Every structure is written in C-alpha cells, then in structure tokens.
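Chains, contacts and geometry: an overview
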Amino acid sequence: MTTTAIHSAAHRAAHPERLLEPDWAEITAITPETEDISTFWLRFDGAAVQERYRYQPGQFNMLYLPGYGEAAISISSDPHNPQRLVGHTIRFVGNVTRAISRLKAGDRLGMRGPFGVPWPMHAIEGKDVVIASGGIGLAPLRPAIYHILHNRERYSKVILVYGARTPRDLLYSNEYDSWRKADIDVQITVDRADETWSGRVGVVPMWFYHFRVDPRKTALLTCGPEIMIRFVVFEALARRIPTDQIYVSLERNMKCGQGACGHCQLGPYFICKDGPVFPFSALERYFNVEEF
Ligand SMILES: Cc1cc2nc3c(=O)[nH]c(=O)nc-3n(C[C@H](O)[C@H](O)[C@H](O)COP(=O)(O)OP(=O)(O)OC[C@H]3O[C@@H](n4cnc5c(N)ncnc54)[C@H](O)[C@@H]3O)c2cc1C
C-alpha cells in the first residue's frame with residue numbers, strides 16, 4: 001500500500017484509545033442539505049477530547065446511537081476549522097441514519113474515530129487535481145476542497161466535477177461561488193433538469209469529453225455511486241492518467257470499522273482500515289468483482 005496507508009497505521013497506533021470506546025458529542029447544529037440529507041455538527045463533551053481530536057480529509061467516524069447501533073459516516077467539515085466542530089453529512093437510509101434524522105440540536109451521539117486512510121493531499125501537491133464526485137460522494141471530498149482552499153498555491157489547476165440526480169439533490173450549493181473565487185473550476189451537472197436549472201445536464205463521466213488533461217501531471221480523486229466511479233475511472237484510464245494517480249474512496253457496507261468483521265472486505269483489503277481511499281493501482285485486480 002501507499003504512504004497514506006502507512007500514515008493511517010501510525011495514526012491508529014498513536015491513538016489506540018479511539019478504536020473501541022465511543023466519545024460522546026453534542027449536536028450543536030443541523031444543516032438541512034436536501035430532502036433526505038442533513039449535516040450534523042458535533043462538539044465533544046470533554047474539552048480534552050475536543051482539543052486532541054484531529055482528522056484529515058477523507059477520514060470517517062463511526063457514529064453511535066444507543067438502541068440503534070453504529071454507522072460509518074465521513075467527516076465533511078474543514079480540518080482547519082479553528083472551532084473544530086466536526087461535520088457529518090448523512091443520508092437517511094436505514095436503521096441508524098433514520099434514527100439520527102429524528103435528533104435535534106442539543107442531543108448527543110457516540111463517536112469513534114477518526115478512521116481510515118485519507119486523501120493523499122501531500123503526495124499530489126504540484127499536480128493538476130481533478131475531483132469527480134456524485135451525490136453524497138461530495139461529503140468526503142469537501143474536506144479535501146477546504147484543504148486545497150487553505151493551500152491553493154500548492155496545487156496547479158483544480159477542477160471539481162460534481163453531479164446529482166436533480167438540482168434539488170446538489171449538496172453545498174451555497175459554497176460553489178466561494179470555491180470558484182479561489183480558482184477552482186467548479187462544473188456542476190444534473191441527470192435531470194427542472195424548471196430552476198439552466199446548467200449542464202448529463203452524468204459526471206461525460207464531462208471528460210469537454211476538456212483535456214495532461215496525464216503526467218494530473219491526479220484524480222473520486223467518490224460517489226460505484227457505477228459512477230467505474231465510468232470515471234474508465235475515462236481517466238482512456239486519457240492515460242496513471243493508475244497510481246487515480247484515488248478512489250469506497251463506501252462499502254461496514255460494521256466494526258477496524259478490520260475485524262470482514263463486512264467491507266474487497267479482495268485482501270478491508271475498506272475500513274486499508275481504505276476507504278485507495279490508489280486505483282491497488283484495486284485494479286478487483287475492479288471486475290460483482291459489487292464494484
Ligand atoms: C467509509 C464510509 C464512509 C461513509 N460515509 C457516509 C457519509 O458521509 N454519509 C452517509 O450518509 N453515509 C455514509 N456511508 C454509508 C453509511 O455507513 C451506510 O449507509 C450505513 O449502512 C447507514 O446505516 P443505517 O443503519 O442507517 O442503514 P442500514 O440499515 O445499515 O442500511 C440501509 C440500506 O442501505 C444499504 N447499505 C448500507 N450501507 C451501504 C453502502 N455503504 N453502500 C450501499 N448500500 C448500503 C443496506 O444494504 C440497506 O439496504 C459511509 C460508509 C462507509 C463505509
């Protein structure tokens with residue numbers, strides 16, 4: 001695996017206390033994003049825990065609601081946020097997330113983490129960066145965007161292509177202008193337009209036909225529905241972006257978050273501890289497995 005995996009192992013070794021016991025955190029605010037997605041802003045109960053908690057773009061927490069269980073949720077906030085509120089953008093799909101949808105500001109959640117291999121923000125410095133994302137897949141990429149905003153001079157051209165089913169399903173739409181002002185080329189597309197929409201219509205991988213990349217100096221970060229990832233990677237490979245410059249975040253069904261239960265296994269990898277971010281060079285052999 002890559003240096004990011006090594007980093008993650010070091011991080012886990014340095015924070016063994018964060019693996020098993022949840023810390024408790026208060027929901028300080030809830031930002032509705034779409035009909036079935038909201039961002040929950042959390043602050044740890046203990047000042048010491050709050051003070052030492054650090055995360056990197058692409059990492060996730062296991063959120064715990066007593067009586068319902070745990071769910072893996074990416075951290076969607078700014079790792080440089082001085083107040084260090086931890087944001088989680090959650091789609092309400094099942095047992096745990098639907099129960100979380102009924103919580104209010106002031107309620108509390110258990111939180112274990114941060115887990116996982118982050119996006120390789122240092123390894124890709126100096127490169128053109130293409131961020132291709134669909135639906136709630138923008139959540140784990142937003143911290144990477146914030147990192148780029150804080151360190152814009154370290155990256156060359158930065159292009160974000162983000163797609164959602166309809167304009168109502170777009171996440172964080174009030175932030176696109178500020179990202180554009182920081183010299184990020186933000187391209188938004190929807191599968192189906194409505195009367196409010198005058199922008200691009202079409203799926204994310206189609207966007208690759210609208211621009212040229214210099215494969216030697218381009219890094220691709222992608223997260224979204226697996227079908228979108230598959231076609232984005234195909235388009236990137238067709239443009240000869242090297243497989244070790246294509247990074248994919250996989251959000252497979254996960255239970256323990258620490259490589260014990262095997263729910264999230266892909267070939268020899270556990271998405272929870274070897275990922276969720278992988279260079280495509282590591283996944284290539286397993287690309288045709290049915291679930292991918
Ligand atoms: C590393 C990682 C990061 C994630 N980040 C986020 C995030 O930021 N926001 C968010 O809303 N969700 C995220 N998820 C997905 C979330 O963990 C699952 O949707 C989780 O199962 C929700 O728990 P639940 O009890 O509400 O639903 P469940 O009752 O477990 O499942 C509801 C339904 O969704 C299906 N399902 C469960 N997990 C997945 C999955 N990963 N992919 C496809 N179908 C699934 C189940 O088969 C079932 O049909 C992430 C998952 C991983 C592994």
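Here the structure is a predicted model, which means the values were calculated and not measured.

Cut-off values and rules
- Every chain is numbered on its own, with residues counted from 1 as its sequence reads.
- This being a predicted model, a pLDDT of at least 70 is required before a residue's local features are given, and a value of 80 or more before pairs of side-chain atoms are given or counted; all residues contribute to the totals for chains, interfaces and linings.
- As a rule here, side-chain values come from all non-hydrogen atoms in the structure, and water together with hydrogens is ignored.
- Domain limits in this description derive from either an automatic procedure or a database domain assignment.
- Any two residues having at least one pair of non-hydrogen atoms within 4.5 Å are treated as being in contact.
- Any pair of N or O atoms that falls within 3.5 Å is considered a polar contact. Within protein, one atom must be able to donate a hydrogen and the other to accept it, and sequence-neighbouring residues count only if both atoms are side-chain atoms.
- Helix and strand definitions follow DSSP, with helices as H or I runs of at least four residues and strands as E runs of at least two, each counted in order from the N terminus.
- In this count, Pro and Cys sit with the nonpolar residues alongside Ala, Val, Leu, Ile, Met, Phe, Trp and Tyr, while Asp, Glu, Lys and Arg are called charged and the others, Gly among them, polar.
- Strand pairing is defined by DSSP finding a minimum of two bridges between the two strands.
- Fitted lines through C-alpha atoms serve as axes, helices being fitted only where they are in contact, and the angles separating the N-to-C directions of these axes extend from 0 to 180 degrees.
- Cavity: a set of points on a 1 Å grid over the protein atoms alone where a 1.4 Å probe fits but cannot get out. Pocket: an open set with protein on both sides within 12 Å along at least five of seven lines, its lining residues, like those of a cavity, having an atom within 4 Å of a point.
- Grid points are joined across faces, edges and corners, and a volume is the space filled by probe spheres set on the points.
- The nearness test applies per residue and asks whether one of its heavy atoms lies within 4 Å of the molecule or strand.
- All accessible areas in this document rest on Shrake-Rupley with a 1.4 Å probe, and a residue is counted as covered only by the protein chains that are shown.
- Each molecule is checked against the cavity or pocket grid, and it sits inside if more than half of its atoms lie within 2 Å of the grid points.

Description of the domain arrangement of the protein chain
For the protein chain, the assigned domains read domain 1 (3–115) and domain 2 (128–249). In this assembly, 17 residues from domain 1 lie in contact with 16 residues from domain 2. The interface formed by domain 1 and domain 2 holds four residue pairs in polar contact (both at pLDDT 80 or more) in total. For the side of domain 1 that touches domain 2, the secondary structure elements donating two or more residues are strand E1 (23–34), strand E2 (37–44) and strand E5 (86–91). For the side of domain 1 that touches domain 2, the residue count by class is six nonpolar, eight polar and three charged.

Quick look at the sheet that holds E2
Taken in spatial order, the six strands make up an open sheet running E4-E3-E6-E1-E2-E5, and their pairing is antiparallel. Of all the strands in the sheet, the pair left with one neighbour each is strand E4 (69–74) and E5. Strand after strand, the sheet turns through a mean of 40 degrees between neighbouring axes, direction not considered.

Some thoughts on empty space enclosed by the protein
Under the definition given, this model contains two cavities of 30 Å³ or more. Empty space within the largest cavity amounts to approximately 50 Å³. Lining the largest cavity, in full, are Asp128, Val129, Val130, Lys157, Val158, Ile159, Phe211, Arg212, Val213, Asp214 and Thr218. Looking at the lining of the largest cavity, the elements with two or more residues in it are strand E7 (128–134) and strand E8 (158–164). Top element by residues in the lining of the largest cavity is E7. It accounts for three residues. For the lining of the largest cavity, the per-class residue count stands at six nonpolar, one polar and four charged.

Description of the site of the ligand
Around the ligand, the structure places 19 residues, and the nearest of them are Ala72, Thr89, Arg91, Thr97 and Glu251. Taking Asn95, its main chain carries an N or O atom lying 3.2 Å from an oxygen atom of the ligand. Its free accessible area being 890 Å², the ligand has 69% of it covered by the protein chains. With respect to the detected pockets, the ligand is housed in the largest pocket. Elements with a minimum of two residues in the shell around the ligand: E4, E5 and helix H3 (95–101). When residues in the shell around the ligand are grouped by element, the largest group, four residues, is from E4. A breakdown of the residues in the shell around the ligand according to their chemical character gives 10 nonpolar, six polar and three charged.

Some words on the sheet that holds strand E12 (residues 246–249)
Across a sheet, strands are paired by hydrogen bonds formed along the backbone, either parallel or antiparallel in direction. Strand order in the open sheet formed by seven strands is E10-E9-E8-E7-E11-E12-E15, and the pairing between neighbours is mixed. On the outer flanks of this sheet lie strand E10 (200–201) and strand E15 (277–279), each paired with one strand and no other. Against the sheet, helix H6 (residues 226–238) engages E7, strand E11 (218–223) and E12, with an angle of about 170 degrees to E11.

Examining the layout of surface pockets
Of the voids in this model, the largest pocket is the one considered here, and its volume is about 1,200 Å³. Around the largest pocket, the lining is made up of 49 residues, and of these Arg91, Val93, Ile136, Gly137 and Glu251 lie nearest the centre. At the level of secondary structure, the elements contributing two or more residues to the lining of the largest pocket comprise E4, E5, H3, E8 and H6. With five residues, E4 is the largest single contributor of residues to the lining of the largest pocket. Looking at the lining of the largest pocket residue by residue, the class counts come to 23 nonpolar, 16 polar and 10 charged. Shared between two domains, the lining of the largest pocket holds at least three residues of each, these being domain 1 (3–115) and domain 2 (128–249).

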